[in-house]
Amino acid sequence: DGGITQSPKYLFRKEGQNVTLSCEQNLNHDAMYWYRQDPGQGLRLIYYSQIVNDFQKGDIAEGYSVSREKKESFPLTVTSAQKNPTAFYLCASSPLRQINTEAFFGQGTRLTVV
Amino acid sequence: AQSVTQLDSQVPVFEEAPVELRCNYSSSVSVYLFWYVQYPNQGLQLLLKYLSGSTLVKGINGFEAEFNKSQTSFHLRKPSVHISDTAEYFCAVSDYQAGTALIFGKGTTLSVSS
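Only a predicted model underlies this, so the values are computations on that prediction, with no experimental measurement involved.

K.L.:
Which residues make up the packing of aromatic side chains, and what are the values?
P.N.:
Summed over the entire model, instances satisfying the criterion amount to 14 aromatic pairs over all chains. With centroids separated by 6.3 Å and ring planes inclined at 25°, the aromatic side chains of B:Tyr25 and B:Phe67 adopt a geometry described as stacked. One end of the pair, B:Tyr25, is in strand S4 (residues 23–26); the other, B:Phe67, is in strand S8 (residues 64–68), and 42 residues separate them in sequence. You'll find B:Tyr25 and B:Phe67 in the same group, each marked buried. Judged by centre distance (4.4 Å) and plane angle (25°), the ring pair of B:Tyr50 and B:Phe67 falls under stacked. Here B:Tyr50 is found in strand S6 (residues 44–50), whereas its partner B:Phe67 is found in strand S8, with 17 residues between them in sequence. Of the residues examined, B:Phe67 reaches a relative accessible area of 10% and is grouped as buried. Taken together, the ring pairs connect A:Tyr33, A:Tyr35, A:Tyr48, A:Phe105, B:Phe34, B:Tyr36, B:Phe90 and B:Phe104 into an aromatic cluster. Note that A:Arg68 overlies the ring of A:Phe74, its terminal NZ or CZ placed 5.9 Å from the centroid.

Right under this line is the structure:
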């Protein structure tokens, strides 16, 4: 089945540590996105990428980094510079066609700082 | 810049009652509009989308939405809700450029009780 796989589903991090969240898709989509979800805040865009080896900052990129070495993969690193990393992280992808269409989402990773 | 306002953060209703979840958007350009549903600790699932054509859009699970350009609204409706419709609902907007990230509202929690 085609889809987006995020791993792990739950992740615990000690303060001062970097952690990397995985996102893999087999939908052959060019564009991929990372969102952060906090209660009552909706989804806020962290980074997005429209093509391999290229990505752009979203609204809340500080304290995060990404890479796009393969079309299928778009990992997100939460660095120690991110002061409040506890949140639900969602990865999404979409095709690059003549018109924009909906984004397809993974099941999310819940990150907790302990 | 685009933005989305979901006018109600929580909507409690009784089973089999009708419901409307309100969404307004602002944009200086023409847009596409989406409604997503999220069940606890899961990713987002597309309910319906408006790209062009008829302003009344039908989606999954008996939901429908009406695009009103003059009022910049895209309200979601269901004539009779079920307990299983309890979830969080997000309205989103994007412009026409392929690969542009969706901009989300803060969400509306629909709680259906018997």
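K.L.:
A description of a nonpolar patch on the surface should follow, citing residues and the corresponding values.
P.N.:
Taken together, the side chains of A:Tyr10, A:Phe12 and A:Val114 present a nonpolar region at the surface, about 350 Å² in accessible area. Within the secondary structure, A:Tyr10 is located in strand S2 (residues 10–13).

Rules and cut-offs
Residues numbered from 1 in each chain as written. Chains lettered and ligands numbered in written order. Predicted model: local features only at pLDDT ≥ 70, side-chain atom pairs only at ≥ 80, totals over all residues. Heavy atoms only, no water. Phe/Tyr/Trp six-rings, centres within 6.5 Å; stacked < 30°, edge-to-face > 60°. Helix = DSSP H or I, 4+ residues; strand = E, 2+ residues; numbered from the N terminus. Buried < 20%, exposed > 50% of the residue type's maximum accessible area, 1.4 Å probe, protein only. Lys NZ or Arg CZ within 6 Å of the ring centre and 35° of its normal. Patch = residues over 30% accessible without salt bridge, like charges linked within 9 Å, V, L, I, M, F, W, Y side chains within 5 Å. Areas by Shrake-Rupley, 256 points an atom, 1.4 Å probe, with all protein chains shown as cover. Salt bridge = Lys/Arg side-chain N within 4 Å of Asp/Glu carboxyl O.

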